[in-house]
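Architecture and fold: a report
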Amino acid sequence: MIRLAHFSDIHLTAQPLGWQARDWFTKRTAGWVNLTLLGRASRFRLANAVIAALRNEWTTRGFDHLVFSGDATALGFAREIQQAAEQLGVGDPRLPPGIAVPGNHDLYVRRSMRQRAFETAFAPWLTGRRVNTDDDYPFAQQVGHVWLIALNSAKP
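A few points on the structure. (Residues numbered from 1 in each chain as written. Predicted model: local features only at pLDDT ≥ 70, side-chain atom pairs only at ≥ 80, totals over all residues. Heavy atoms only, no water.)

1. Focus on the sheet that holds strand E3 (residues 98-100)
- With parallel pairing, the three strands of this open sheet are ordered in space as E1-E2-E3. This sheet does not close on itself; its edge strands, each paired only once, are strand E1 (4-7) and E3. Adjacent strand axes in the sheet meet at a mean angle of 15 degrees when their direction is disregarded.
- Note that E1 and strand E2 (residues 65-68) share four bridges and pair parallel. Bridging across to E2, histidine 6 finds its partner in valine 67. (Pairing = 2+ DSSP bridges. Helix = DSSP H or I, 4+ residues; strand = E, 2+ residues; numbered from the N terminus. Axes fitted to C-alpha atoms, helices over the stretch in contact; angles between N-to-C directions.)

2. Some details on the packing of helix H2 (residues 47-60) against helix H3 (residues 78-88)
- Packing of H2 against H3 brings their axes to within 9 Å, and their N-to-C directions diverge by 40 degrees. Classified by the angle between their axes, H2 and H3 sit oblique to one another. For the pair H2 and H3, the contacting residues are Asn48, Ile51, Arg55 and Trp58 in the first and Glu86, Gln87 and Leu88 in the second.
- Split into classes, the residues belonging to the contact of H2 with H3 amount to three nonpolar, two polar and two charged. (Parallel < 35°, antiparallel > 145°, perpendicular 65-115°, else oblique. Contact = heavy atoms within 4.5 Å. Nonpolar A, V, L, I, M, F, W, Y, C, P; charged D, E, K, R; others polar.)

3. Digging into the nonpolar core
- Grouped together as the largest cluster of nonpolar side chains are 32 residues, with contacts concentrated most on Trp58, Phe68, Leu88, Phe118, Phe122 and Trp125.
- For this core, the elements supplying multiple residues, two or more each, are E1, H2, E2, H3, E3, helix H5 (117-121), strand E5 (139-143) and strand E6 (146-150).
- The element best represented in this core is H3, accounting for four residues.
- Ignoring any residue separated from it by four or fewer positions in sequence, one finds phenylalanine 118 in contact with Phe68, Ile81, Ala100, Val101, Pro102, Asp106, Ala123, Leu126 and Tyr137. (Core = buried A, V, L, I, M, F, W, Y, C linked by side-chain atoms within 4.5 Å. Buried < 20%, exposed > 50% of the residue type's maximum accessible area, 1.4 Å probe, protein only.)

4. Remarks on the side chain of histidine 11
- With respect to the helices and strands, the residue histidine 11 is situated in the loop between E1 and helix H1 (27-37).
- If we ignore the near neighbours within four places in the chain, the residues touching histidine 11 are Arg40, Phe44, Asp71, Ala72, Thr73, Ala74 and His105.

5. A short note on the pairing of E5
- The element E5 is largely enclosed, with a buried count of four among its five residues.
- Pairing of strand E4 (residues 129-130) with E5, which is carried by two bridges, proceeds in the antiparallel orientation. Bridge pairing links arginine 129 to alanine 140 in E5.
- The sheet contact formed by E5 and E6 spans five bridges and is antiparallel. Looking at E6, one finds that glutamine 142 is bridged to tryptophan 147.

As structure tokens, this is what we get:
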């Protein structure tokens, strides 16, 4: 038997985000308004506590592998992505290994994709067999008799 822990849509944010002037002319502005002024951030107000509880579960429940299917961040800033990877324990040898793909919030704007912040921060969870070694996705990891395949369909 293989025990997988699947999670997604944690939508962490970080302070400071690292706003630049050009960010105000992207959909990040609308996302920020939605989060802060229209109250969507309240849905994720317990995200840090939830992640702490998840990490406890991952270390005590005997999972074989972690499966993260994206939206680590709210607005796709590199600072958010880095902090999310740290809080999730990406690469922590005390946790089970993981596999990850970015969600649309992790690649919120085209610059997020070009900066490759997700690929850098989540690198330990992006290892596996690739058809084309020049491409990040798709890739596969074998866990026992099961193959996990990571496809990236997120678009900014």
